[in-house]
Every structure is written in structure tokens, then in C-alpha cells.
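Reading the structure
Residues per chain, in single letters:
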Amino acid sequence: MTADESLGRLDDDDYPAYTIGRAAELLGTTPGFLRAIGEARLITPLRSEGGHRRYSRYQLRIAARARELVDQGTPIEAACRIIILEDQLEEAQRINAEYRRIGGSSSLSAAV
């Protein structure tokens, strides 16, 4: 891999660039919190060749949302479930909008 390719990966939201310690520091939380949301299956960090957890920016955004809910008094398991449900709702809304877009253009074609 060239240096340019390596630097390009840093812009990738899914690239697991952060160790558990650095991720916890960025979020203002503890490695234990990140392990807990992993155990609740909210996020699944990738593992380095040495077996260490590595987090992407996308995963850190999810973890930040979980921390926000926990800081408001929501139990961690409930916070994880809320985020999973929010994600499922967003995906369902996206699919529905796509169906409406496709269905709307077909009915216009049929009317013409």
C-alpha cells in the first residue's frame, strides 16, 4: 500500500483507525463503556492482527449517541436498543421513500 492510499483511508468513515484508548479519550468516556456497548451488540469493533479493538469514525458517532443517552440517565442496554431502533426506523423510511419514488414514476408513465 502506498502512502497516498494509506492517507486516503483516513477519510473513510468505516476505516478502523482508533484504538479503544483513543476512542474512549475522544468520546470522553472509558474503555469499559465501549466494551459494554460492544457486549450489547450496538457496535462490533474490528480487531487488529494482535487482537486489539479498533473503531471507525462511524462507530464513534454511534458510541457518542449512546453516551448522550446514558448521560441523560438511560440505562446502557436501553440506550443501545433505542439507537438500534432509531437506525431501523431511518432505514425503513429510506426504503419507503425509494418505493414511493419508484411507484410514483411508474404510475405517471402508465397515465401518459
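Treat the numbers as computed from the prediction; the structure is a model and nothing was measured.

**Regarding the nonpolar core**
With 18 residues, the main nonpolar core has Leu34, Ile37, Leu42, Ile43 and Tyr55 as its most contacted residues. Those elements that provide at least two residues to this core are helix H2 (20–27), helix H3 (31–39), helix H4 (57–71) and helix H5 (76–111). Beyond its immediate stretch of four places on either side in the chain, Ile43 contacts Ile37, Gly38, Tyr55, Gln59, Ile62 and Ala63.

**Concerning the layout of surface pockets**
If you roll a probe as big as a water molecule over the atoms, it shows you where there is empty space left. Of the voids in this model, the largest pocket is the one considered here, and its volume is about 200 Å³. Surrounding the largest pocket, Leu42, Tyr58, Arg61, Ile62, Ile83, Ile84, Glu86, Asp87 and Glu90 form its lining. Counting residues per element, the ones that place at least two in the lining of the largest pocket are H4 and H5. With five residues, the single largest contributor to the lining of the largest pocket is H5.

**A word on H4**
In this model H4 runs 21 Å from its N-terminal to its C-terminal C-alpha over 15 residues, within 8% of the 21 Å that 1.5 Å per residue would give. Among all positions of H4, only Gln59, Leu60, Ile62, Ala63, Ala66 and Leu69 are buried. Just past H4, the residue Gly73 takes up positive phi, approximately 105°.

**Thoughts on H3**
Each α-helix winds once per 3.6 residues, and so residues spaced three or four apart point in a common direction. Looking at H3, one finds that the buried residues are Phe33, Leu34 and Ile37. Within H3, the buried residues cover an arc of 100° as seen down the axis, which keeps them to one side. Within two residues after H3, Arg41 carries a phi angle of roughly 65°, on the positive side.

**Here we look at the sheet that holds strand S3 (residues 53–55)**
Strand order in the open sheet made by the three strands is S1-S3-S2, with antiparallel pairing throughout. Of all the strands in the sheet, the pair left with one neighbour each is strand S1 (18–19) and strand S2 (46–47).

**So, the pattern of salt bridges**
All told, the structure shown has eight salt bridges when counted by the stated rule. With its nearest N and O atoms 2.8 Å apart, the salt bridge here joins Glu68 to Arg65. Of the two residues, Glu68 and Arg65 both sit in helix H4, three residues apart, roughly one turn of that helix. What makes Glu68 partly exposed here is its relative accessible area of 40%. On the accessibility criterion, Arg65 (24% relative accessible area) is partly exposed. One salt-bridge network, in which partners are shared between bridges, spans Asp13, Arg57 and Arg61.

Cut-offs applied
- Residues numbered from 1 in each chain as written.
- Predicted model: local features only at pLDDT ≥ 70, side-chain atom pairs only at ≥ 80, totals over all residues.
- Heavy atoms only, no water.
- Core = buried A, V, L, I, M, F, W, Y, C linked by side-chain atoms within 4.5 Å.
- Buried < 20%, exposed > 50% of the residue type's maximum accessible area, 1.4 Å probe, protein only.
- Helix = DSSP H or I, 4+ residues; strand = E, 2+ residues; numbered from the N terminus.
- Contact = heavy atoms within 4.5 Å.
- 1 Å grid on protein atoms, 1.4 Å probe; cavity = no way out; pocket = protein on both sides within 12 Å on 5 of 7 lines; lining within 4 Å.
- Points joined across faces, edges and corners; volume = space filled by probe spheres on them.
- Expected span 1.5 Å × (residues − 1).
- Arc of directions from axis to C-beta.
- Pairing = 2+ DSSP bridges.
- Salt bridge = Lys/Arg side-chain N within 4 Å of Asp/Glu carboxyl O.

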